[in-house]
Amino acid sequence: MKYLKFLSVGIFFGILLVKSEAVSWFRIFEMFRFESFHMYGIIGSAVALGAIGIALIKKFKLKDLSARPLKFLAKRKIIPLQLLVDLFLGWVGP
Amino acid sequence: MDFILDPWPWYVSGPLFALVMLSLTVFGKNFGMSSNLRTLCAIGGAGKWASFFKFDIKAQKWNLVVVLGAVIGGYLGSHFLQNQPDIAISASTVEALQQMGFQNPGASILPPELFSLDALAEPKTWAILIIGGFLVGFGTRYAGGCTSGHAISGLSNLQVPSLVAVIGFFIGGLIMTHLILPQLF
């Protein structure tokens, strides 16, 4: 079944949402009150690693599983990396 | 097994969210949950009223399968993979919620005051859920994405529109948490 890989990723995603508590109303409420680092840590590390992963995929021009070049929803303007780091640290940093 | 049954710390969860996004990328797709709302409207026949909903539904089937998986995974995670359902929110958050009238903040994933069947006895709960649902549906389509599509996928790809959207989500969340919710409870 060609959708099996999507079902697997979805099941893993669902478990991850619960186990990370990212799906919890309480965690989101707490985040907007700046009373815990938890959600910022999740989003920050996800974006940091995600950005590294995407950069590597672009650098090595990786193909997807059906051997087509990977497409990205590419806009012309790119966020300067420094701005992203500054925003994150300015937001949650000491 | 405790490392699976206990809540996962952020430095484990965050990288795993990146892994989910990168897996879908390698499958030749984009990680984004809210585009499914558009697909569901299209399946419901919304194309009759707005051309926005006229598109190739079949091409989006994979994403509905991801959501189906997420529902199954959420059920498995909350019923079989948890030592206890407590969410360890900070003491000051608990105090703030108690002052608003929430009975046991953090004792479950979601507050029963908003998301239990009993809460549906109150017309206020219906209003909050329906208006909230409409705003999520309209807002994510107007912005072209939600937390998964813009914050995780978009920011990872260094997209300026995603940064603007995420800042917008955050301002909205702050307004809801600090100005509107205290009026409702």
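The structure displayed is predicted, hence computed values, not measured ones.

Parameters at a glance
Within each chain, residue numbers correspond to sequence positions counted from 1 in written order. Chain letters and ligand numbers both follow the written order, the letters beginning at A and the numbers at 1. Per-residue local features of the predicted model are confined to residues with pLDDT of at least 70, and side-chain atom pairs are confined, for both listing and counting, to 80 or more; whole-chain, interface and lining totals are unaffected and use all residues. Strands here are runs of E lasting at least two residues and helices are runs of H or I lasting at least four, both read from the DSSP assignment and numbered beginning at the N terminus. Exposed residues have 12 or fewer other C-beta atoms within 10 Å of their own C-beta, buried residues have 20 or more, and residues in between are partly exposed; the C-beta atoms are placed from the backbone. Remark: residues whose backbone-derived C-beta atoms lie within 7 Å of one another are considered to be in contact. Every angle, taken between N-to-C directions, lies between 0 and 180 degrees, and every axis is a line fitted to C-alpha atoms, over only the stretch in contact when it is a helix. Note on terminology: angles under 35 degrees are roughly parallel, angles over 145 are roughly antiparallel, angles of 65 to 115 are roughly perpendicular, and the others are oblique. Here a crossing is called left-handed whenever its near helix is offset anticlockwise from the far helix by less than a right angle, and right-handed whenever the offset is clockwise. Polarity classes work like this: nonpolar for Ala, Val, Leu, Ile, Met, Phe, Trp, Tyr, Cys and Pro, charged for Asp, Glu, Lys and Arg, and polar for all others, with Gly in that last group. One less than the number of residues in a helix, times 1.5 Å, gives the span that helix is expected to have.

## Some details on the overall build of chain B
(1) Moving on: When you go through chain B residue by residue, the secondary structure sums to nine helices and zero strands.
(2) Moving on: Across its three principal directions, the C-alpha atoms of chain B cover 50 × 45 × 30 Å.
(3) Moving on: Looking at chain B as a whole, 28% of its 185 residues are labelled buried.
(4) Moving on: A separation threshold of at least 6 residues defines the contact pool for chain B, and within that pool the share at least 24 residues apart is 48%.

## Considering the packing of helix H1 (residues 4–19) of chain A against helix H4 (residues 61–80) of chain B
A pair of packed helices is captured by two measures, namely the crossing angle of their axes and the spacing between those axes.
(1) Moving on: Interhelical geometry of H1(A) versus H4(B) gives an angle of 40 degrees and a closest axis separation of 6 Å. In this view, H1(A) runs oblique relative to H4(B), as classed from their interaxial angle. For H1(A) against H4(B), the interelement crossing comes out right-handed.
(2) Moving on: Considered class by class, the residues forming the contact of H1(A) with H4(B) number 18 nonpolar, eight polar and one charged.

## Here's the deal with helix H3 (residues 38–59) of chain A
Residues and elements named next belong to chain A.
(1) Moving on: Compared with an ideal rise of 1.5 Å per residue, which puts 22 residues at 32 Å, H3 spans 31 Å between its outermost C-alpha atoms and is within 8% of the ideal.
(2) Moving on: Those residues of H3 that sit buried are His38, Met39, Ile42, Ile43, Gly44, Ala46, Val47, Gly50 and Ile54.
(3) Moving on: Of the residues flanking the end of H3, it is Lys61, one or two places downstream, whose phi is positive at about 45 degrees.

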